[in-house]
Every structure is written in structure tokens, then in C-alpha cells.
Amino acid sequence: MSKKLKIAVITQNDEYAIPRNLKLLCESESIKISELIVISSTGSLENKKWLFVSGFGVQQAMKMAVRTVYFKLRSFLASKFRFINKPEWLNLNGLCILYNIPLRAEQDVNCEAVLNRLREKELDVIVSFSAPTIFKTDLLSLPRYGCINLHCSALPSYAGVMPSFWVLLNDEKQAGMSVHLMDSKIDNGSVLAQEVIDISHIDNMFDLIQATKLRGGYLMMDVLNLIYKNNSLPEPIDTSHNKESYFTWPKVDDFKSLVKKGKKLI
């Protein structure tokens with residue numbers, strides 16, 4: 001393929017790992033990002049703050065708030081004072097401005113208006129980074145090669161919501177990242193790349209999410225480069241050695257159980 005791989009990225013608002021994953025894509029010579037869509041829905045992490053406050057307690061929530069302010073401040077400085085020259089500090093909005101990428105905020109990516117807009121872009125791939133919604137058939141079939149998602153577990157293990165939480169709660173010593181072709185079921189579809197890392201030294205959700213999402217960003221980049229190079233999807237890998245499991249949103253009592261084990265939010 002001589003021309004660049006044309007993609008759209010669908011994600012949720014995030015100040016931490018996702019901007020750095022987006023930066024990887026922005027800097028690629030083989031990829032053109034036609035649009036970034038940020039979804040705000042009931043399943044978005046930013047709309048689940050009460051769960052974390054109730055489960056981890058006010059002290060941990062305040063520490064997370066301080067960390068968030070720090071990330072927001074450095075993004076503001078990098079946006080306003082370009083001589084600082086720290087694009088890795090930028091948030092999603094700042095990156096879109098720097099790399100001239102259209103940024104859209106949507107509640108429903110399956111609606112006709114969004115589908116029609118994306119259809120006009122003649123996309124090769126739609127990339128999902130923690131998109132807090134189900135992709136329906138029309139959206140899944142829209143790009144040339146399909147929709148590809150990063151899920152931070154070794155699928156089919158820990159499919160579903162918040163794998164970082166459940167991995168910590170279950171005292172796992174390893175955590176995985178999977179890039180898979182999306183279908184009508186959550187975290188289903190052919191796995192195109194997968195990696196497992198040691199997490200025995202990690203005792204908090206923030207560090208675990210950072211480690212898996214950032215490494216997962218490179219894994220996504222590897223898959224996109226293969227699509228660009230070969231003009232086709234990579235062959236699916238065998239994941240039959242991984243035990244199948246699925247988890248939903250943890251409840252407040254689940255968070256409290258994690259705290260009792262000495263694990264933290266940050």
C-alpha cells in the first residue's frame with residue numbers, strides 16, 4: 001500500500017495513557033488520522049467517579065484528583081507555550097490541535113449522522129481505545145479492514161469491564177494486552193496481537209492501567225503497520241491456552257475488598 005492507512009480513533013476522555021497512544025499514531029509516517037471521536041456515556045470512567053470515591057475512600061480519591069490536576073496543568077502549559085516543546089504532555093484536545101486532527105464529541109457513534117460522516121472519509125480502519133460503547137453492525141462494517149480494539153487483558157481472559165481492577169483483586173502476577181478485530185459481542189472477535197507483562201510489583205490501579213495501556217498502544221501500532229505493509233489484516237493468533245472469563249463493572253463492596261488486600265487506586 002503506497003498511500004497512508006486512513007483511520008478514525010474512537011475513545012473516551014482520558015488525561016493519562018490514551019493521549020500518549022494517540023501521539024504514537026500521529027507520529028507514524030504510514031497513518032493518517034481522519035478524525036478523533038471522544039464519547040461521553042454512562043459507561044465512561046469520568047462518569048463513574050462516585051464508585052471510586054465510595055470504594056477507595058476520600059484520601060485515595062483526593063490523591064487521584066491531584067494527579068489529574070497535574071496532568072491538566074502540564075497539558076495547558078504545553079499548549080500555550082510551544083517553546084516548552086513537550087508534545088507528550090498534551091491531552092487529546094492539544095494533540096488534535098498540534099496535528100490538525102478534527103475532534104468530535106459524541107454520545108452515540110452508531111447514529112446515522114456519525115455513520116454518514118465517517119462513511120465519507122473512506123476509512124481503512126477504526127481504532128478503539130477504551131471506547132465506552134458497543135459498536136453496532138453498521139459501524140463495524142464501515143471501514144475497509146474493520147474496527148480494531150485494544151483491550152487490556154490476555155483475551156479471552158478478563159473480557160468485559162475494568163480488567164485492571166479484577167486482575168488486582170484476583171492477585172494475578174501477570175496482565176495482558178490484546179488487539180482484536182471487533183464484532184457484535186463485547187471483547188470478542190479474532191485476536192490479532194497479544195502480549196503479557198509481569199505486574200507482581202504493581203499494587204495500584206493507576207500504575208497497572210498506565211503499564212498495560214501504554215504497552216498496548218505499541219501493540220496497536222504493530223498491528224496497523226502490518227495492515228499497511230501487507231494490505232490485509234494479520235492472521236489471528238491462537239489464544240486457546242487462555243482461560244475464558246468475563247467481568248462487569250465492580251460494585252462498591254468489590255472496591256472495598258480490593259482495599260482490604262492492601263491494593264490502592266493510586
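The notes below deal with the structure included here. (Residues numbered from 1 in each chain as written. Predicted model: local features only at pLDDT ≥ 70, side-chain atom pairs only at ≥ 80, totals over all residues. Heavy atoms only, no water.)

Re the packing of aromatic side chains
Both the distance between ring centres and the angle between the ring planes are used here to describe each pair of aromatic rings.
Stage number 1. Scanning the entire structure with this criterion turns up 12 aromatic pairs.
Stage number 2. Between Y70 and F71, the aromatic rings sit 5.6 Å apart at their centres with planes inclined by 85°, giving edge-to-face as the arrangement.
Stage number 3. Since its relative accessible area comes to 8%, F71 is described here as buried.
Stage number 4. Here the aromatic rings of F71 and F206 are separated by 6.5 Å at their centres, their planes lie at 65°, and the arrangement is edge-to-face. You can see F71 sitting in helix α3 (residues 58-80) and its partner F206 sitting in helix α8 (residues 205-230), a full 135 residues away along the chain. Each member of the pair, F71 as well as F206, is classed as buried.
Stage number 5. Ring pairs connect the aromatic residues F52, F56, Y158, F165, W166, F247 and F255, which therefore count as one cluster.
Stage number 6. Positioned over the ring face of W249 is K48, at 4.9 Å from the centre of the ring. (Phe/Tyr/Trp six-rings, centres within 6.5 Å; stacked < 30°, edge-to-face > 60°. Buried < 20%, exposed > 50% of the residue type's maximum accessible area, 1.4 Å probe, protein only. Helix = DSSP H or I, 4+ residues; strand = E, 2+ residues; numbered from the N terminus. Lys NZ or Arg CZ within 6 Å of the ring centre and 35° of its normal.)

Details of the layout of surface pockets
Stage number 1. Roughly 810 Å³ of internal volume is contained in the largest pocket.
Stage number 2. Partitioning the lining of the largest pocket into residue classes produces 18 nonpolar, 15 polar and four charged.
Stage number 3. Quantified by volume, the second largest pocket comes out at close to 660 Å³.
Stage number 4. Around the second largest pocket sit 23 residues that line it, and Y16, L45, K49, M64 and T68 are the ones nearest its centre.
Stage number 5. Elements represented by at least two residues in the lining of the second largest pocket include exactly α2 (49-56), α3 and α8.
Stage number 6. Among the residues forming the lining of the second largest pocket, the class breakdown is 13 nonpolar, four polar and six charged. (1 Å grid on protein atoms, 1.4 Å probe; cavity = no way out; pocket = protein on both sides within 12 Å on 5 of 7 lines; lining within 4 Å. Points joined across faces, edges and corners; volume = space filled by probe spheres on them. Nonpolar A, V, L, I, M, F, W, Y, C, P; charged D, E, K, R; others polar.)

Describing the nonpolar core
Stage number 1. One finds I7, V9, L25, I33, V125, M205 and L224 to be the most contacted residues of the largest nonpolar core, which totals 61 residues.
Stage number 2. Broken down by element, the residue count for this core peaks at nine residues, all from α8.
Stage number 3. Leave out the neighbours within four places in its chain, and I7 touches L25, I31, K32, I33, S34, E35, L123, V125 and V127. (Core = buried A, V, L, I, M, F, W, Y, C linked by side-chain atoms within 4.5 Å. Contact = heavy atoms within 4.5 Å.)

Observations concerning the packing of helix α1 (residues 18-26) against α8
Stage number 1. Direction vectors running N to C along α1 and α8 enclose 20°, while the axes themselves pass 9 Å from each other. Considering the angle they form, α1 stands roughly parallel to α8. Handedness of the α1/α8 crossing: right-handed. Facing I18, R20, N21, L24 and L25 of α1, the residues of α8 in contact are Q210, K213, L214, G217, Y218, M221 and L224.
Stage number 2. Taken together, the residues of the contact of α1 with α8 break down into seven nonpolar, three polar and two charged. (Axes fitted to C-alpha atoms, helices over the stretch in contact; angles between N-to-C directions. Parallel < 35°, antiparallel > 145°, perpendicular 65-115°, else oblique. Left-handed = near helix turned anticlockwise from the far one by under 90°.)

Regarding the side chain of K213
Stage number 1. On the secondary structure map, K213 appears in helix α8.
Stage number 2. Despite its burial, K213 remains without a salt bridge, the nearest opposite charge being carried by D14 at 4.4 Å.
Stage number 3. With sequence-adjacent residues up to four places away left out, K213 is seen in contact with D14, A17, I18, N21, S130, L150 and C152. (Lys, Arg positive; Asp, Glu negative; His and termini not counted. Salt bridge = Lys/Arg side-chain N within 4 Å of Asp/Glu carboxyl O.)

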